[in-house]
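Spelled out, the chains give:
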Amino acid sequence: MSNPVGIAILGAGRWGVHLIRNFLNHPQARVLAVVDPHIERLNSARSQFNLDESVILATDWQDIKQLPGLEAVAVATPAATHYALISDALDQNYHILAEKPLTLDPAESRELYQRAAQRQLQMLVDHTYLFHPAVIAGTEVVQGVRLGELRYGYATRTHLGPVRPDVDALWDLAIHDIAIFNTWLGEYPIQVQGTGRVWLQPTPVEGGDSKLFPQGLSDFVMATLTYPSGFQAFIHLCWLNPDKQRRLAVVGSQGTLIFDEMSGDAPLVIQQGSLEPEGDRWIPSHQNREVVRLEKAEPLGRVCDRFLELVRHNGQAQESGAIDSSSGAIATELITILTALSHSIQQGGLPVQL
């Protein structure tokens, strides 16, 4: 067995603590440092995980970027900081695990993954849902014949917070559903359209991009994606709703595949049924509900497994699948879609071609 991969985690906020937990518990990782500008977060991480004194806590990446034994960096900082941090880490020849979105600019994302490839460094983007057992199983269902002719899809992602100060609800939430739709359909949108409403933050307050969000950070967004096949997906996003919803569906002529995270023991269901003519009316028929059996696994744990496997085996992962959907190229495609949706929102909902 090879030596554990020495890793530093940049960001000890809401998502960073999950990365700390996973890497601390992974036999093939050795957490060397945690970096966060907020000292209270570092102290909290020290207490929460009972960190060994050998784990360096730093408020500045520059203080640890040449740490002996460091091989990889996990970036869980505000999105606007990703480009500079990842660029610097690549210059130090470190492998990268980046929280989504990779950057806020498609050209910057493309540059980063191309540089990583040129240096033969691994760069995995944490599109965690693509490692979710329900999404992996759903791909087989959608690309099979059980749903009949695919007609449209919809998704709702709402909750009361957390409200991000650097990106709007579109950039924080939609990337999950767009990634799932793209994966299930096996294609990318050719046109997008979006509208948004701003209530809480008329201007970004922590590293936000004024060019990307000139009207402030949208708390509510409605987005429409149109695919080459004619399939359309409608996405509802809001971080001001007390009712938490995490539901996505693909509707076909013979049934609907529903991924509902709030549905307890049955998050993935095939709801079959169709309408048959009877005189001058349409009558429901062939109705049936089937719960798709899923294996138990934490998606983020799978992300960390795959990242360490790639680093240890020089990019030759033992399994194909989700890793391909989390490459830098796919991450850049998702950022391109989000950028186009932002432009549509800025123009009052006009369609934007891709």
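A quick note: this is a predicted structure, and the numbers were derived from the prediction, not measured.

**Notes on the overall build of the chain**
In step 1: Looking only at helices and strands, the chain features nine helices and 15 strands.
In step 2: Rg of the C-alpha trace for the chain: 21 Å, near the compact-globule value of 20 Å for 354 residues, within the 12% margin.
In step 3: Dimensions of the chain, computed from the C-alpha atoms along their principal axes, are close to 80 × 50 × 40 Å.
In step 4: Of all 354 residues assigned to the chain, the portion counted as buried reaches 53%.
In step 5: Expressed as a percentage of contacts within the chain between residues at least 6 apart in sequence, the contacts between residues at least 24 apart total 69%.

**What to know about the confidence of the model for the chain**
In step 1: Looking at the chain as a whole, its pLDDT mean stands at 93, while 94% of the residues score no less than 70.
In step 2: Across residues 318-325, where pLDDT falls below 50, the model places 17 contacts with residues more than four positions away in sequence or in other chains.

**Regarding the sheet that holds strand E3 (residues 56-58)**
Whenever strands of a sheet pair, they do so through backbone hydrogen bonds, lying parallel or antiparallel.
In step 1: The strand order E3-E2-E1-E4-E5-E6 describes an open sheet built from six strands, whose pairing is parallel. Each having just a single partner strand, E3 and strand E6 (123-126) make up the two edges of the open sheet. Strand-to-strand, the axes of this sheet are offset by a mean angle of 20°, without reference to chain direction.
In step 2: Across three bridges, strand E2 (residues 29-35) lies against E3 in parallel orientation. Along E3, the bridge assignment pairs Val34 with Leu57.
In step 3: Contacts between helix H1 (residues 16-24) and the sheet are confined to strand E1 (5-10), E2, strand E4 (72-75) and strand E5 (95-99), with E1 contributing the most and set at about 165° to the helix.

**Thoughts on helix H9 (residues 328-346)**
In step 1: Its 19 residues place the ends of H9 27 Å apart at the C-alpha level, agreeing with the 27 Å of an ideal helix rising 1.5 Å per residue.
In step 2: Residue Gly348 follows H9 closely and has a positive phi angle near 75°.

**Thoughts on unusual backbone geometry**
In step 1: Of the consecutive residues Lys100 and Pro101, the connecting peptide bond is found in the cis state with omega at -15°.
In step 2: Mapped onto the secondary structure, Pro101 falls in the loop between E5 and helix H4 (106-118).
In step 3: Cis peptide bonds are those with omega within 30 degrees of zero, and the linkage from Gly161 to Pro162 qualifies with -5°.
In step 4: Within the element layout of this structure, Pro162 appears in the loop between strand E7 (150-160) and helix H6 (169-185).
In step 5: The residue Asn50 is not glycine, and still its phi comes out positive at about 50°.
In step 6: Owing to a relative accessible area of 66%, Asn50 belongs among the exposed residues under this scheme.
In step 7: Even without being a glycine, His286 presents a positive backbone phi close to 55°.
In step 8: Here His286 shows up in strand E14 (residues 281-291).
In step 9: Given the relative accessible area of 61%, His286 is considered exposed.

**Some remarks on the packing of H1 against helix H7 (residues 299-312)**
In step 1: Interhelical geometry of H1 versus H7 gives an angle of 60° and a closest axis separation of 10 Å. The pairing of H1 with H7 is recorded here as oblique in orientation. The two elements H1 and H7 meet at a crossing, and its hand is right-handed. Contacts from His18, Leu19, Asn22 and Phe23 in H1 reach Leu300, Gly301, Cys304, Phe307 and Leu308 in H7.
In step 2: Considered class by class, the residues forming the contact of H1 with H7 number six nonpolar, three polar and no charged.

**Describing the packing of H1 against helix H2 (residues 39-49)**
When two helices pack together, their arrangement is given by the angle between the helix axes and by the axis-to-axis distance.
In step 1: Contact geometry for H1 and H2: axes closest at 11 Å, N-to-C directions at 40°. As for the relative orientation of H1 and H2, their crossing is right-handed in sense. Between H1 and H2, the residues in contact are Val17, Ile20, Arg21 and Leu24 and Ala45, Gln48 and Phe49, respectively.
In step 2: Grouping the constituent residues of the contact of H1 with H2 by class yields five nonpolar, one polar and one charged.

**Re the pattern of salt bridges**
In step 1: The tally for this structure, following the rule as stated, stands at 16 salt bridges.
In step 2: One salt bridge in this structure joins Glu290 and Arg146, with 2.3 Å as the shortest N-O distance. On the criterion of sequence distance, the pair formed by Glu290 in strand E14 and Arg146 in the loop between helix H5 (133-142) and E7 is long-range, its members being 144 residues apart.
In step 3: Looking at Glu290, the relative accessible area reads 27%, which means it is partly exposed.
In step 4: With a closest N to O distance of 3.5 Å, Asp260 and Arg247 form a salt bridge. Of the two residues, Asp260 sits in strand E12 (residues 255-260) while Arg247 sits in strand E11 (residues 240-252), which places them 13 residues apart along the sequence.
In step 5: Residue Asp260 is classed as buried on the basis of its relative accessible area of 17%.
In step 6: Taking the relative accessible area as the measure of exposure, Arg247 reaches 28% and is therefore partly exposed.
In step 7: What you see here is one network of salt bridges that share partners, running through Asp91, Glu111, Arg115 and Arg119.

The rules behind each value
Residues numbered from 1 in each chain as written. Predicted model: local features only at pLDDT ≥ 70, side-chain atom pairs only at ≥ 80, totals over all residues. Heavy atoms only, no water. Helix = DSSP H or I, 4+ residues; strand = E, 2+ residues; numbered from the N terminus. Rg over C-alpha atoms; globule rule 2.2 N^0.38 Å. Buried < 20%, exposed > 50% of the residue type's maximum accessible area, 1.4 Å probe, protein only. Contact = heavy atoms within 4.5 Å. pLDDT = per-residue confidence, 0-100. Pairing = 2+ DSSP bridges. Axes fitted to C-alpha atoms, helices over the stretch in contact; angles between N-to-C directions. Expected span 1.5 Å × (residues − 1). Parallel < 35°, antiparallel > 145°, perpendicular 65-115°, else oblique. Left-handed = near helix turned anticlockwise from the far one by under 90°. Nonpolar A, V, L, I, M, F, W, Y, C, P; charged D, E, K, R; others polar. Salt bridge = Lys/Arg side-chain N within 4 Å of Asp/Glu carboxyl O.

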